[in-house]
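# Observations on the model geometry
One letter stands for each residue in the lines below.
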Amino acid sequence: MIGAPITVAWNAKEDLLDLLATALTRPDREQVRDLLYRFYRRCADADLPELQRLATTVETWWPEILAFLRTGITNAGSVGTNRVIKTIARDAYGFRNPGNQRLRTRCATTRRARGHLDAR
């Protein structure tokens, strides 16, 4: 069947999302173990290189993923800020004034510039 690899990849993705969704519920060890096993089993049975690479990535980052599942805390805020800074830097590539570059970055990453009210 032509769509079989896509279906298998979709199911593996859904298994991983089921595992990550438990961060909101403070899962016990058995629940995490079962969901992780289901994800790994599906990736191993699929025999798709992309899913094997995904499983390897999850295994590599497992301590960080487990910390997220236990605490619900992520570094999404700092990653978003770094993305904005890199975008501003790319936009200003070739300009010769580093002070102006720093000012543009500061303006782009402050709350006021993003449309939030001043906290004062």
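Predicted model, so just to flag it, every value in this text is computed and none were measured.

This part is about the side chain of Thr-22. Within the secondary structure layout, Thr-22 lies in the loop between helix H1 (4-21) and helix H2 (29-46). If near-sequence neighbours (up to four positions away) are discounted, Thr-22 is found in contact with Pro-27, Gln-31, Leu-35 and Leu-69.

So, about the pattern of salt bridges. Counted according to the given criterion, the structure contains 6 salt bridges. One salt bridge in this structure joins Asp-15 and Arg-38, with 3.1 Å as the shortest N-O distance. Linking Asp-15 in helix H1 with Arg-38 in helix H2, this pair joins segments that are 23 residues apart in sequence. For Arg-38, a relative accessible area of 33% puts it in the partly exposed group. With a shortest N-O distance of 3.2 Å, Asp-45 and Arg-41 are connected by a salt bridge. Placement of the pair is Asp-45 and Arg-41 together in helix H2, with a separation of 4 residues, close to one helical turn.

One way to put it is that helix H3 (residues 49-60) packs onto helix H4 (residues 62-71) with a least axis distance of 5 Å and a crossing angle of 70°. Put simply, H3 runs roughly perpendicular to H4. Between H3 and H4, the contacting residues are Val-58, Glu-59 and Thr-60 on the first element and Trp-62, Pro-63, Glu-64 and Ile-65 on the second. Across the contact of H3 with H4, the residue classes tally to 4 nonpolar, 1 polar and 2 charged.

Bringing the packing of aromatic side chains into the picture now. All chains considered together, the criterion is met by 1 aromatic pair. Relative to Tyr-40, the ring of Phe-39 has its centre 5.7 Å away and its plane inclined at 45°; by these criteria the two rings are tilted. Over the face of the ring belonging to Trp-10 we find Lys-13, whose NZ or CZ atom lies 3.6 Å from the ring centre.

Its 12 residues give H3 an end-to-end C-alpha distance of 16 Å, which sits within 8% of 16 Å, the value for a rise of 1.5 Å per residue. Where H3 is buried, its residues meet H1, H2 and H4.

Now for the environment of Thr-81. With respect to the helices and strands, the residue Thr-81 is situated in helix H5 (residues 76-91). Assessed through its relative accessible area of 34%, Thr-81 is described here as partly exposed. Between the alpha carbons of Thr-81 and Ala-108 there is a distance of 9.0 Å; along the sequence they are 27 residues apart.

All right, on to unusual backbone geometry then. Notably, Arg-26 is not glycine yet its phi reads approximately 55°, a positive angle. As for its position among the elements, Arg-26 is in the loop between H1 and H2.

Rules behind the numbers
- Residues numbered from 1 in each chain as written.
- Predicted model: local features only at pLDDT ≥ 70, side-chain atom pairs only at ≥ 80, totals over all residues.
- Heavy atoms only, no water.
- Helix = DSSP H or I, 4+ residues; strand = E, 2+ residues; numbered from the N terminus.
- Contact = heavy atoms within 4.5 Å.
- Salt bridge = Lys/Arg side-chain N within 4 Å of Asp/Glu carboxyl O.
- Buried < 20%, exposed > 50% of the residue type's maximum accessible area, 1.4 Å probe, protein only.
- Axes fitted to C-alpha atoms, helices over the stretch in contact; angles between N-to-C directions.
- Parallel < 35°, antiparallel > 145°, perpendicular 65-115°, else oblique.
- Nonpolar A, V, L, I, M, F, W, Y, C, P; charged D, E, K, R; others polar.
- Phe/Tyr/Trp six-rings, centres within 6.5 Å; stacked < 30°, edge-to-face > 60°.
- Lys NZ or Arg CZ within 6 Å of the ring centre and 35° of its normal.
- Expected span 1.5 Å × (residues − 1).

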